[in-house]
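Here's the letter readout for the chains.
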Amino acid sequence: MRATTRYLAMGLASVLLAACSHKDKDAPLAFVPADTPYVVANLDVLDDATRKALMAQADAQLPSQLTQMDAAADRLAEKDPDGARLLRALRAEFNGKTVEGFAQSIGLDLKGYSAFYGLGLAPVLRFQLSDPTAFDAFVGRLETAYGKKFEVANEGTQSYRRYVSAESGTEVILATVDKQAVAALLPVDAPKTMLREALGLDRPPQNLQDDGRLANLVKAKGYKKWLVGDIDLTRMLPLVLGGQDALANAMRKAHAEAESAKTGEPVANQLQTPPACATDAARIAARVPTISFGYTRLDTGHQDGRVDIALADDISKAFSGLKIALPGLGQAGTAPFDVSLALPVADLRGFWMAQADAVAAKPFTCPALSDLNEGFAKLGPATQKAAIPPFGDLLGVRLALDTLTANPTSSLPTFSGRLVLATSNPTALLAMGQMMVPALAQLKLSNDGQPVALPPQMAGMLGQPGWVAMGDKALALGVGAGEDAKLADTLKEAGGNAGQMGRMNLSGAMYLSWVELMQDKVDALTAAASAMSTNSDASADKDDSARQAAEAAAQSKAQFEAMKQQAQRIESIQAEMHVDAGGMVITSQTTLK
């Protein structure tokens, strides 16, 4: 059912990209408690031109997505025939339709409000409908295909569908309330107050729309209003561990009852939650209080986003001022694949030693966190080993690939590019390499950045020429024709700015090369597996293996076709990561053709 759930989510996910900007007392955000531990919602509507362009892009990918759904249904057919029928019924809803046509046919409002949030930990999805009758009919068709009707229940005059999973201690509810759909995962026999709030029959004392939490994030982080998410770990982790959340308790009880049936351990013993668990959860959450995310640009040619991870003040201070002398970290990458990652081992070692000492001085007392105490106890000795040169001198690593192509004579691809290792002591790193690889002993390098050719035997192992160059704070290796001419300039490129931790550039052409190489590898493995099954002696096993191989091949083909179509639309993907006074910031910019 995991695949079935994923594809059902696909049919509903598009509603998260539409909204109106004015406050509406019946907007989904008006039903979201101000203290919800997590929320993803939209605060404004996409303009018509952008929405049509995105729908056109989705339509271009739809055939391959439907092929994947067909393959997934075939794979489910034997183990979960009900799920396979459900998936095929969902697939049939797309017949002869565009993505927008599908949404309209089942009553989804692509210009409506939507919100995904928690009543405590219990997830609730609320979105507007253009035609509630059409949506109810759609759900009815899926129920019929699944072969198991939901129970119809009532809360006052409001009816809703209900499906109970005794094994997990949960129930799914689905309802249309006025012109909104509501789907929620609640504890079995949820308290009446919780059920009514999920359905929207009762409102929270304070709601997120009036609270302005998401609107404030939009202003502070530069998110666009089309999609904004916020996870409040200071609220979420105590609910997970503290024994006070209705959904968590119901699931824990169901698990305890199953264990008790097997082992005889009393259920009550398994459900005990010491008060220290909530305290420890709050202690952990204080280190990473919140995570937020959103689009920063979304139009026909761009899909840019940002993730903000708030960090405790001492964590931010430990890294926000670091300037890592990794050539290339401080500027946009130019190679088709260009990734730089700061690895200041000495600073990381000091930071993690401080964390290990803090836990040793005040261990977690919640039984569920006992593994954390053991992990931090082992971390101390590990950080001591990290001090040993030349690893302890490492500052960062950069990989820049200029070409990546299939090699018909080898299982490995042919590539050209550069590897840069930033270190506070490049001479020691070179000496260690020469000790480990005697062929390197004859290399004579100075820190002027000038390339020196690798010995013939090493070049022969690579199957192409290679060079090494050294700067004041880095060693660089170039492999492939013409890479020697790039090494000196590579070592001169800008190091990281304060707090900069990573950077990446990926061209659409390189992305496509990766996909094609992966497809070739999977095709080769599939062919090998098929050959092995053909040589099998048992005819029944042979038939079953052949069928499984054919299903796997069909699925992988559909997946790779979807990936290739996506890659063909991409001009470039860039990403950057840094730590500032507020925490860690990760940005990405996708430019489309």
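Comments concerning the overall build of the chain
Reasoning step 1: A count of helices and strands for the chain gives 20 helices and 19 strands.
Reasoning step 2: Projecting the C-alpha coordinates of the chain onto the three principal axes gives extents of approximately 85 × 60 × 60 Å.
Reasoning step 3: Put simply, the chain has 593 residues, and 45% of those count as buried.
Reasoning step 4: Accessible surface, the chain as shown: approximately 28,500 Å² in total, 58% of it carbon and sulfur.
Reasoning step 5: In the chain, 56 positive and 65 negative side-chain charges are present, and the distance between their average locations comes to 2 Å.

Overview of unusual backbone geometry
Reasoning step 1: Going from Pro-389 to Pro-390, the amide bond is cis rather than trans, its omega being 0 degrees.
Reasoning step 2: You can see Pro-390 is positioned in the loop between α15 (370-385) and β12 (394-405).
Reasoning step 3: Even without a glycine there, the phi angle at Asp-189 is positive, about 50 degrees.
Reasoning step 4: Following the sequence through the fold, Asp-189 ends up in the loop between β7 (180-187) and α6 (192-199).
Reasoning step 5: Classification of Asp-189 as exposed rests on a relative accessible area of 59%.

Considerations on the packing of helix α2 (residues 48-76) against helix α3 (residues 81-92)
Reasoning step 1: Two elements in contact, α2 and α3, have axes separated by 8 Å at closest approach and are oriented at 160 degrees. Here α2 is positioned roughly antiparallel relative to α3, judged by the angle of their axes. When you trace α2 past α3, the crossing you get is left-handed. Of the residues in α3, those in contact with Leu-66, Met-69, Asp-70, Ala-72, Ala-73, Asp-74 and Leu-76 of α2 are Pro-81, Gly-83, Ala-84, Leu-87, Arg-88, Leu-90 and Arg-91.
Reasoning step 2: Of the residues that constitute the contact of α2 with α3, the class distribution is nine nonpolar, one polar and four charged.

Comments concerning the pairing of strand β9 (residues 290-299)
Reasoning step 1: Here five bridges tie strand β8 (residues 228-232) to β9, and the two strands are oriented antiparallel to one another. Along β9, the bridge assignment pairs Asp-232 with Thr-290.
Reasoning step 2: Across eight bridges, β9 lies against strand β10 (residues 302-310) in antiparallel orientation. If you follow Gly-294 over to β10, its bridge partner there is Arg-306.
Reasoning step 3: Connecting β9 to the next strand, β10, in antiparallel fashion are two residues.

Examining the side chain of Asp-338
Reasoning step 1: Looking at the element boundaries, Asp-338 is found in strand β11 (residues 337-342).
Reasoning step 2: Owing to a relative accessible area of 3%, Asp-338 belongs among the buried residues under this scheme.
Reasoning step 3: At 3.3 Å, the side chain of Asp-338 and the backbone nitrogen of Thr-334 are in polar contact.

A look at the pairing of β7
Reasoning step 1: Within β7, six of the eight residues are buried, which leaves it mostly tucked inside the rest of the structure.
Reasoning step 2: Sheet topology places strand β3 (residues 122-128) next to β7; five bridges connect them, and they run antiparallel. Bridged to Phe-127 within β7 is Ala-181.
Reasoning step 3: Note that strand β6 (residues 170-177) and β7 share eight bridges and pair antiparallel. Looking at β7, one finds that Ile-173 is bridged to Ala-184.
Reasoning step 4: Taking the residues between adjacent antiparallel strands as the criterion, β6 and β7 are bridged by two residues, where Asp-178 takes a positive phi near 55 degrees.

A few points about the state of the cysteines
Note on terminology: disulfide describes a covalent bond linking the sulfur atoms of two cysteines.
Reasoning step 1: In the structure shown here, the tally under the stated rule is one disulfide.
Reasoning step 2: Residue pairing for Cys-277: its cysteine sulfur links by disulfide to Cys-366, the two sulfurs lying 2.1 Å apart. The sign of the S-S torsion, about 85 degrees, decides the handedness of the disulfide formed by Cys-277 and Cys-366: right-handed. Taken together, the residues Cys-277 in helix α12 (residues 276-285) and Cys-366 in the loop between α14 (345-361) and α15 connect sequence positions 89 residues apart. Grouping residues by exposure puts Cys-277 and Cys-366 together as buried.

A short note on the pattern of salt bridges
Reasoning step 1: Overall, the coordinates contain 30 salt bridges when judged by the stated rule.
Reasoning step 2: Where Arg-85 meets Asp-82, a salt bridge forms, and the shortest distance between an N and an O atom there is 2.2 Å. Of this pair, Arg-85 and Asp-82 both sit in helix α3, separated by three residues, roughly a single helical turn.
Reasoning step 3: Each of Glu-151, Arg-162, Glu-171 and Asp-189 takes part in a single network of salt bridges with overlapping partners.

A short note on the environment of Ala-278
Reasoning step 1: Following the sequence through the fold, Ala-278 ends up in helix α12.
Reasoning step 2: When the C-alpha positions of Ala-278 and Cys-366 are compared, they lie 8.3 Å apart, and in sequence the two are 88 residues distant.

Quick look at a nonpolar patch on the surface
Reasoning step 1: On the surface, Met-435, Met-436 and Val-437 cluster together into a nonpolar patch covering about 350 Å² of accessible area.
Reasoning step 2: Note on placement: Val-437 falls in the loop between α16 (426-436) and β14 (452-453).
Reasoning step 3: On the basis of relative accessible area, Val-437 is assigned to the partly exposed category, the value being 32%.

Re the confidence of the model for the chain
Reasoning step 1: Looking at the chain, pLDDT values average 89 and 92% of them are 70 or higher.
Reasoning step 2: Counting contacts from residues 1-21, a segment whose pLDDT is below 50, to residues more than four positions away or on other chains yields 64 contacts.

Details of the environment of Leu-445
Reasoning step 1: Along the chain, Leu-445 falls in the loop between α16 and β14.
Reasoning step 2: Taking the C-alpha atoms as reference points, Leu-445 and Leu-430, separated by 15 residues in sequence, lie 8.9 Å from one another.
Reasoning step 3: What Leu-445 contacts, discounting residues up to four positions off in sequence, is Leu-430, Val-452, Val-468, Met-470 and Leu-475.

Notes on the packing of aromatic side chains
Reasoning step 1: Counting across every chain of the model gives nine aromatic pairs.
Reasoning step 2: Taken together, a centroid distance of 5.8 Å and an interplanar angle of 40 degrees make the contact between Tyr-38 and Phe-116 tilted. With Tyr-38 in strand β1 (residues 38-41) and Phe-116 in strand β2 (residues 114-119), this pair connects stretches of sequence that are 78 residues apart.
Reasoning step 3: Measuring from centroid to centroid gives 6.2 Å for Phe-102 and Phe-138, while their planes differ by 85 degrees, and the two rings are edge-to-face. Of this pair, Phe-102 sits in helix α4 (residues 99-105) while Phe-138 sits in helix α5 (residues 132-146), and the two are 36 residues apart along the sequence.
Reasoning step 4: Phe-102 gets classed as buried once you look at its relative accessible area, which sits at 3%.
Reasoning step 5: Among the residues examined, Phe-138 registers a relative accessible area of 5% and is labelled buried.

Thoughts on the side chain of Arg-503
Reasoning step 1: Within the secondary structure layout, Arg-503 lies in strand β17 (residues 500-507).
Reasoning step 2: Within polar-contact distance, the side chain of Arg-503 engages the backbone oxygen of Gln-331 at 3.0 Å.
Reasoning step 3: Setting aside residues no more than four positions away along its own chain, Arg-503 makes contact with Gly-328, Leu-329, Gly-330, Gln-331, Ala-332, Gly-333, Asp-338, Val-339, Ser-340, Ala-575 and Glu-576.

The rules behind the values
- Residues numbered from 1 in each chain as written.
- Predicted model: local features only at pLDDT ≥ 70, side-chain atom pairs only at ≥ 80, totals over all residues.
- Heavy atoms only, no water.
- Helix = DSSP H or I, 4+ residues; strand = E, 2+ residues; numbered from the N terminus.
- Buried < 20%, exposed > 50% of the residue type's maximum accessible area, 1.4 Å probe, protein only.
- Areas by Shrake-Rupley, 256 points an atom, 1.4 Å probe, with all protein chains shown as cover.
- Lys, Arg positive; Asp, Glu negative; His and termini not counted.
- Charge placed at Lys NZ, Arg CZ, Asp CG, Glu CD.
- Axes fitted to C-alpha atoms, helices over the stretch in contact; angles between N-to-C directions.
- Parallel < 35°, antiparallel > 145°, perpendicular 65-115°, else oblique.
- Left-handed = near helix turned anticlockwise from the far one by under 90°.
- Contact = heavy atoms within 4.5 Å.
- Nonpolar A, V, L, I, M, F, W, Y, C, P; charged D, E, K, R; others polar.
- Pairing = 2+ DSSP bridges.
- Polar contact = N/O pair within 3.5 Å; in protein donor to acceptor, adjacent residues only side chain to side chain.
- Disulfide = S-S within 2.5 Å.
- Salt bridge = Lys/Arg side-chain N within 4 Å of Asp/Glu carboxyl O.
- Patch = residues over 30% accessible without salt bridge, like charges linked within 9 Å, V, L, I, M, F, W, Y side chains within 5 Å.
- pLDDT = per-residue confidence, 0-100.
- Phe/Tyr/Trp six-rings, centres within 6.5 Å; stacked < 30°, edge-to-face > 60°.

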